[in-house]
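The residues making up each chain are set out below.
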Amino acid sequence: MVQQVKVYSTPICPWCKKTKQFLDKNGIPYQSFDVASDKAALDEMVSSSKQLSVPVVDINGDILVGFDEEWLRQKLNLPQEEKKVEAIKTPANKCTSGTCAQMDEIKQAVAALRMSKYKCNVCGYVYDPELGDPDRGVKPGTPFDETPDDWVCPVCGSAKSKFDRIEEV
Ligand code: FE
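Here the structure is a predicted model, which means the values were calculated and not measured.

Mind showing me how you'd approach the sheet that holds strand β5 (residues 118–120) here?
Two strands in a sheet stick together by hydrogen bonds in their backbones, pointing the same way (parallel) or opposite ways (antiparallel). Strand order in the open sheet formed by three strands is β6-β5-β7, and the pairing between neighbours is antiparallel. Bordering the open sheet on either side are β6 (126–127) and β7 (163–165), each of which pairs with just one other strand. Judged from the two bridges that link them, β5 and β6 form a sheet pairing that is antiparallel. Bridging from a neighbouring strand, Y118 pairs with Y127 of β6.

Rendered as structure tokens:
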């Protein structure tokens with residue numbers, strides 16, 4: 001089975017570098033996304049990992065937050081090292097606001113993303129998170145991706161999958 005490996009990182013996060021060095025050293029091909037500049041990738045990272053720290057590694061849909069050599073070896077079918085030099089998955093293995101200067105920028109971008117409007121491709125209705133849809137029990141301030149799975153377009157009844165995010169210009 002072919003491994004699909006994605007790495008979401010920022011340019012200055014040390015654990016991101018460690019993760020990539022590990023993959024390079026072991027000859028594992030991967031797609032690299034810079035979430036500090038690539039909003040679509042950031043969106044993808046937040047929806048798959050439900051959080052904001054980097055690095056995030058996605059191996060065939062399995063998600064790792066932070067650097068964890070043992071996990072990577074297991075998922076990539078690499079032999080486990082007998083002596084582990086690196087500490088395994090301590091909180092220090094990922095960048096949070098204290099250690100990554102760009103995290104504030106990322107948090108702002110995520111906050112903006114969460115409050116994005118979504119448009120129904122069928123009828124043109126626009127869901128505004130600030131307003132929600134109180135008639136159907138969706139409180140004002142609810143991001144689109146937190147509306148119930150069975151929420152539908154109040155105008156034409158289309159499913160959530162018919163909606164696309166509107167890029168703010
Ligand atoms: Fe609609």
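There is more to say, and it comes next.
Hey, could you run me through the pairing of strand β3 (residues 56–59) in this one?
Of the two faces of β3, the one lined by V56 and D58 and the one lined by V57 and I59 are each fully buried. Relative to β3, strand β1 (residues 5–9) runs antiparallel, the two sharing four bridges. Bridging from a neighbouring strand, V7 pairs with V57 of β3. Where β3 folds back on strand β4 (residues 62–65), the antiparallel hairpin that results is connected by two residues, among which N60 adopts a positive phi of roughly 50°.

Please explain the nonpolar core as it appears in this structure.
Ranked by internal contacts, the top residues of the largest apolar core, which has 30 residues, are V35, L42, L72 and L76. Sorting the residues of this core by element identifies β1, α1 (14–25), α2 (39–49), β3, β4, α3 (69–75) and α4 (103–114) as the ones contributing at least two each. Counting nine residues, the second-largest nonpolar core is a separate cluster that includes Y125, Y127, F144 and C153.

Help me out: how do you make sense of the pairing of strand β2 (residues 31–34) in this one?
Taken residue by residue, a regular strand's side chains alternate between the two faces of the sheet. Here β1 pairs with β2 via four bridges, running parallel. Residue pairing across strands places Y8 opposite F33, the latter belonging to β2. Viewed along the sheet, the connection from β1 through α1 into β2 turns out right-handed.

Where do I start with the coordination of the iron ion in this structure?
In an ideal tetrahedron of four donors about a metal, each angle is 109.5 degrees. In an ideal octahedron of six donors, the angles are 90 or 180 degrees. At 2.3 to 2.4 Å from the iron ion lie its protein donor atoms, namely C120 (SG), C123 (SG), C153 (SG) and C156 (SG). Each of the four donor atoms around the iron ion contributes to a set of angles spanning 104 to 115°, which defines the coordination as tetrahedral. Here the donor residues of the iron ion are spaced in sequence according to C-x2-C-x29-C-x2-C.

It is not clear to me how the side chain of R73 should be interpreted in this structure. Could you clarify?
For R73, the location among the structural elements is in helix α3. Setting aside chain neighbours within four positions, we find R73 in contact with F22, L78, P79, Q80 and E81.

Looking at this model, I keep getting lost on the pattern of salt bridges. Mind explaining?
Any two side chains of opposite charge can pair, on the condition that their charged atoms come close. Scanning all chains against the criterion turns up six salt bridges. Its salt-bridge partner being E44, residue K6 comes within 3.6 Å of it at the nearest N-O pair. One end of the pair, K6, is in strand β1; the other, E44, is in helix α2, with 38 residues separating them in the sequence. Judged by relative accessible area, K6 falls into the partly exposed class, the value being 22%. Its salt-bridge partner being R136, residue D133 comes within 3.0 Å of it at the nearest N-O pair.

How should the packing of aromatic side chains be read in this particular structure?
In this description, a pair of aromatic rings is defined by centroid distance and the angle of the planes. The full count for this structure, using the stated rule, is ten aromatic pairs. Here Y125 and F163 contribute two aromatic rings whose centre-to-centre distance is 6.4 Å and whose plane-to-plane angle is 85°, an arrangement assigned as edge-to-face. Of this pair, Y125 sits in the loop between β5 and β6 while F163 sits in strand β7, and the two are 38 residues apart along the sequence. We classify F163 as buried; its relative accessible area is 5%. Ring plane angle 70° and centroid distance 5.3 Å describe the contact between Y127 and W151, whose orientation is recorded as edge-to-face. Of the two residues, Y127 sits in strand β6 while W151 sits in the loop between β6 and β7, which places them 24 residues apart along the sequence. By the ring-pair criterion, three or more aromatic residues cluster together here, those being Y118, Y125, Y127, F144, W151 and F163. The cationic tip of K160 hangs over the ring face of F144; the distance from NZ or CZ to the ring centre is 5.4 Å.

The rules we used
- Residues numbered from 1 in each chain as written.
- Predicted model: local features only at pLDDT ≥ 70, side-chain atom pairs only at ≥ 80, totals over all residues.
- Heavy atoms only, no water.
- Pairing = 2+ DSSP bridges.
- Helix = DSSP H or I, 4+ residues; strand = E, 2+ residues; numbered from the N terminus.
- Buried < 20%, exposed > 50% of the residue type's maximum accessible area, 1.4 Å probe, protein only.
- Core = buried A, V, L, I, M, F, W, Y, C linked by side-chain atoms within 4.5 Å.
- Right-handed = clockwise from strand over helix to strand, strands pointing away.
- Donors = N, O, S within 2.8 Å, 3.2 Å for Na, K, Ca; no water.
- Tetrahedral: all angles 85-135°; square planar, octahedral: opposite > 155°, others 65-115°.
- Contact = heavy atoms within 4.5 Å.
- Salt bridge = Lys/Arg side-chain N within 4 Å of Asp/Glu carboxyl O.
- Phe/Tyr/Trp six-rings, centres within 6.5 Å; stacked < 30°, edge-to-face > 60°.
- Lys NZ or Arg CZ within 6 Å of the ring centre and 35° of its normal.

Any functional reading would require information beyond the geometric quantities listed.
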